[in-house]
Amino acid sequence: MVMEREAPAMPAGEDHTADPGPALDSAAALAGAVAHDLGNMLTVVLGNAELLVEGLADRPDLRELAALILGAAQRGSELSGRLDRFARPVRKAETPTDTAAVLRAFGRRLAYSLPPGITFDLDVEPDLRGIGLAEPALVAALDELVANALASLRDKGTLRIRATNLFSSDEPPRVLIAVEDDGPGMAPETLNRTLAVRFTAGVAGHKTAIGLALSMRVAMAARGRLLVASTRGHGARVSLDLPALS
């Protein structure tokens, strides 16, 4: 059975900075404060851990412990960076963003960094329409969604990014950008909680679920929505459903 959850679209408006809702705004403000303080502390830990690793070359037993400290601090620094990125305001583009060009550039960069066991497929529809998101915001959301998919795949499987134009009689034209994986998928109870801002455990291998929260902010900034679909044992698909621009 395929299950799907949707974060609702924001109403139209004239402002250039989106208001993704009180819950996301509060979470973003807290994330920014935590990222700032955590980053300051980790700067000290990282610097001293690097000195310890270099200075304990003749003590392999202690050098191993110092390397563990350094690795943990580096992971903490990565988390701090992701929190900071989540906290930043998401701004709309002043002119339509060339969605296809951004996706192709992203795909080229991604292909060089993937583990050997990952098969990557990028499928961009010809004449893909532009969107109202600035390129950095779209790339930030893609980075997080791909990171979630790779965490689920655990270095083996297929990662796909598909982008298509959508047309219907009751909605304006849209662009759908889907990140798919053939990993283990999500249990129904996990999927039911994926779009709750307070949910912080076990989403696609990422215990913090920052990626979905950031992607939700990006989608809502463009007056779009975030869709999450998964079948247990058959992977997951997370899609940015965004209004198309001429």
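Just above, that's the structure.
Source: prediction; values computed, not measured. (Residues numbered from 1 in each chain as written. Predicted model: local features only at pLDDT ≥ 70, side-chain atom pairs only at ≥ 80, totals over all residues. Heavy atoms only, no water.)

Engineer: Which parts of the structure should I look at to understand the packing of helix H2 (residues 60-87) against helix H6 (residues 210-221)?
Structural biologist: Geometry of a packed helix pair, given as the angle between the helix axes and the separation of the axes. Contact geometry of H2 with H6 gives a least axis separation of 9 Å together with a crossing angle of 20°. In terms of axis orientation, H2 runs roughly parallel to H6. For the element pair H2 and H6, the recorded crossing hand is left-handed. Contacts between H2 and H6 involve Leu79, Arg82, Leu83, Arg85, Phe86 and Ala87 from the first element and Ile210, Gly211, Ala213, Leu214 and Arg217 from the second. Of the residues contributing to the contact of H2 with H6, the split by class is 7 nonpolar, 1 polar and 3 charged. (Axes fitted to C-alpha atoms, helices over the stretch in contact; angles between N-to-C directions. Helix = DSSP H or I, 4+ residues; strand = E, 2+ residues; numbered from the N terminus. Parallel < 35°, antiparallel > 145°, perpendicular 65-115°, else oblique. Left-handed = near helix turned anticlockwise from the far one by under 90°. Contact = heavy atoms within 4.5 Å. Nonpolar A, V, L, I, M, F, W, Y, C, P; charged D, E, K, R; others polar.)

Engineer: Quick question: what am I supposed to make of helix H3 (residues 99-113) here?
Structural biologist: Note that an α-helix has 3.6 residues per turn; residues three or four places apart therefore point the same way. End to end, H3 covers 21 Å across 15 residues, agreeing with the expected 21 Å (1.5 Å per residue, within 8%). Looking at H3, one finds that the buried residues are Thr99, Ala100, Val102, Leu103, Phe106, Gly107 and Leu110. For H3, the angular spread of the buried residues around the axis is 155°, confining them to a single face. Structural note: H3 exposes Arg108 and Tyr112 on the side pointing more than 90 degrees away from its buried face. The inward-facing, buried residues of H3 contact strand E2 (92-97), strand E3 (118-124), strand E4 (130-133), helix H4 (135-153), strand E5 (157-168) and strand E6 (171-181). (Expected span 1.5 Å × (residues − 1). Buried < 20%, exposed > 50% of the residue type's maximum accessible area, 1.4 Å probe, protein only. Arc of directions from axis to C-beta.)

Engineer: Would you mind going over the pattern of salt bridges with me for this structure?
Structural biologist: Between side chains of opposite charge, a pair can form as their charged atoms come close. This model, assessed by the stated rule, comprises 9 salt bridges. The residue arginine 162 makes a salt bridge to aspartate 123 at a minimum N-O spacing of 3.4 Å. Of the two residues, arginine 162 is situated in strand E5 and aspartate 123 in strand E3; the sequence distance between them amounts to 39 residues. Owing to a relative accessible area of 27%, arginine 162 belongs among the partly exposed residues under this scheme. Here arginine 225 makes a salt bridge to glutamate 171, at a shortest N to O gap of 3.2 Å. Separated by 54 residues along the polypeptide, arginine 225 in strand E7 (residues 225-230) and glutamate 171 in strand E6 bring together distant segments of the chain. The class for arginine 225 is buried, based on a relative accessible area of 16%. Via salt bridges that share partners, Asp121, Asp123, Arg162 and Glu180 belong to a single interconnected network. (Salt bridge = Lys/Arg side-chain N within 4 Å of Asp/Glu carboxyl O.)

Engineer: How do you make sense of unusual backbone geometry when you look at a structure like this?
Structural biologist: Trans is the prevailing form of peptide bonds, just as negative phi is the prevailing case for residues other than glycine. The phi angle at arginine 154 is positive, at roughly 55°, despite the residue not being glycine. Looking at the secondary structure, you find arginine 154 in the loop between H4 and E5. Look at arginine 223: it is not a glycine, yet its phi comes out positive at around 60°. Along the polypeptide, arginine 223 turns up in the loop between H6 and E7. Taking the relative accessible area as the measure of exposure, arginine 223 reaches 15% and is therefore buried.

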